[in-house]
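Observations on chain architecture
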Amino acid sequence: MSADQYQASSADADVRPRGGRLPRKERRAQLLESALEVFVTNGYHAAAMDDIAERAGVSKPVLYQHFPGKLELYQALLEASADTIVANCRQALAATDDNKLRVAAAMDVFYSYVAEKSGAFRLVFESDLTSEPAVRAQIDRVTSECAEAIAEVIHDDTGLDDEASRLLAVSLVGMAQVSARFWLVEGGELSREQATALVSGLAWRGIGGYPRTEEPGQA
C-alpha cells in the first residue's frame, strides 16, 4: 500500500461522534487512536490539536486534560510504537533456538509492523520531527534495543566480541526496516511472506557464514 493510499484511508475515516463521559484510561486510548490517524495523515507539523479533538469527537479542553500539548501527545504515540517493535523483536528471538528461524522472525517483525493499516510505523521511521531530541531518542531506541537483543544471540552463537556482534546486529535491523518500507511502497505483487522470506534468506546467508561456537563438551 502506498503512502497516498494510507493518507486516503485515514482521511476517509469517520469523525467520531461526541458521546458521554468515558473512564480516563478509555478516553486516553481514544485520543491516542485519533491522534495517530491525524499524525499519520498530516505529519507532526501540519497536524493541529483542533483536528485531533474533532476526530476524537471531544472538545479541545478535554484533549488538554490528558495531554498538555501536541508534542507530548506525539511522544506518547511514538513511545508506544517503539515499545511495540522492541517487544515484538525480543519475543521473536525468544520463540525458537533455531537461528535461521530467528532471523526470519526478526525480519517479519518489521514487515508486519509496516503492513499495519494504522500506519504507526511512519512515526518511527518517517518522522518529520527528528530534530527534537526526545523524538530522536525514541527513534534511535528502536534500532539500539532491537540490535542489543540480536547482538546477544550473535555473540553467544559465534563467539564474536561485543563490538563485532553489535555491528552485525545493527546491520540486520537496518536491512529489515529499510527493505520493509521499500516493499510497502514498491513491492509490487510480492506478499509480505514472500518479501520476508527473500530478505531473511539474504540475511541468513550472511550471518550464517560465521562459525558457531562449540557446544560445551565438544572437542
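Just so you know, these numbers come straight off a predicted model, no measurement behind them.

Let us now look at the overall build of the chain. From N to C terminus, the chain includes 10 helices and 0 strands. When the helices and strands of the chain are listed from N to C terminus, the series reads α-α-α-α-α-α-α-α-α-α. Counting every position in the chain, which comprises 219 residues, the buried fraction comes to 43%. Of the contacts formed within the chain by residues at least 6 apart in sequence, a portion of 70% connects residues at least 24 apart. Taken as a whole, the chain presents about 11800 Å² of accessible surface, with 52% of it coming from carbon and sulfur.

What follows is about the pattern of salt bridges. Tallying each qualifying case throughout the model produces 10 salt bridges. Where Arg-122 meets Glu-126, a salt bridge forms, and the shortest distance between an N and an O atom there is 2.6 Å. Residue classification places Glu-126 among the partly exposed positions, given a relative accessible area of 35%. Two residues, Arg-136 and Asp-140, come together in a salt bridge whose shortest N-O distance is 3.0 Å. Of this pair, Arg-136 and Asp-140 both sit in helix α8 (residues 133–158), 4 residues apart, which is roughly one turn of that helix. Salt bridges sharing partners connect three or more residues here, namely Asp-83, Arg-90, Arg-141 and Glu-145.

We now examine the UniProt feature "DNA-binding region" (unreviewed entry) in the chain. UniProt marks residues 48–67 with the feature "DNA-binding region" (unreviewed entry), using the numbering shown here. Along residues 48–67 one finds 75% helix and 0% strand; the C-alpha atoms at either end are 13 Å apart.

Before going further, it helps to examine the environment of Ala-120. Assignment of secondary structure puts Ala-120 in the loop between α6 (99–115) and α7 (121–125). Between the C-alpha atoms of Ala-120 and Ser-81, which are 39 residues apart in sequence, the distance is 6.7 Å. Ignoring anything within four residues of it in the chain, the contact list for Ala-120 reads Leu-36, Val-40, Ser-81 and Tyr-113.

So, about the packing of α8 against helix α9 (residues 162–186). Closest axis-to-axis distance for the α8/α9 pair is 8 Å, and the angle between their directions is 125°. As far as their axial angle goes, α9 and α8 are oblique. Crossing angle aside, the handedness with which α8 passes α9 is right-handed. Mapping the contact onto sequence places Thr-143, Ser-144, Cys-146, Ala-147, Glu-148, Ile-150, Ala-151, Ile-154 and His-155 in α8 and Asp-162, Ser-165, Arg-166, Leu-168, Ala-169, Val-170, Leu-172 and Val-173 in α9. Looking at the contact of α8 with α9, its residues break down into 10 nonpolar, 4 polar and 3 charged.

Take the packing of aromatic side chains next. In the structure shown here, the tally under the stated rule is 5 aromatic pairs. Residues Tyr-111 and Trp-183 carry aromatic rings whose centres are separated by 5.7 Å and whose planes lie at 50° to one another, so their mutual orientation is tilted. Of this pair, Tyr-111 sits in helix α6 while Trp-183 sits in helix α9; the two residues are 72 residues apart in sequence, bridging distant segments of the chain. Tyr-111 sits in the buried class, given a relative accessible area of 1%. The class of Trp-183 is buried, set by a relative accessible area of 14%. Grouping aromatic residues by their ring pairs yields a cluster made of Phe-39, Tyr-44 and Tyr-74. In this arrangement the basic side chain of Lys-70 is found over the ring face of Tyr-44, its NZ or CZ atom lying 4.3 Å from the centre.

Definitions and limits used
Residues numbered from 1 in each chain as written. Predicted model: local features only at pLDDT ≥ 70, side-chain atom pairs only at ≥ 80, totals over all residues. Heavy atoms only, no water. Helix = DSSP H or I, 4+ residues; strand = E, 2+ residues; numbered from the N terminus. Buried < 20%, exposed > 50% of the residue type's maximum accessible area, 1.4 Å probe, protein only. Contact = heavy atoms within 4.5 Å. Areas by Shrake-Rupley, 256 points an atom, 1.4 Å probe, with all protein chains shown as cover. Salt bridge = Lys/Arg side-chain N within 4 Å of Asp/Glu carboxyl O. UniProt positions renumbered as here; feature names shortened; annotations may be inferred. Axes fitted to C-alpha atoms, helices over the stretch in contact; angles between N-to-C directions. Parallel < 35°, antiparallel > 145°, perpendicular 65-115°, else oblique. Left-handed = near helix turned anticlockwise from the far one by under 90°. Nonpolar A, V, L, I, M, F, W, Y, C, P; charged D, E, K, R; others polar. Phe/Tyr/Trp six-rings, centres within 6.5 Å; stacked < 30°, edge-to-face > 60°. Lys NZ or Arg CZ within 6 Å of the ring centre and 35° of its normal.

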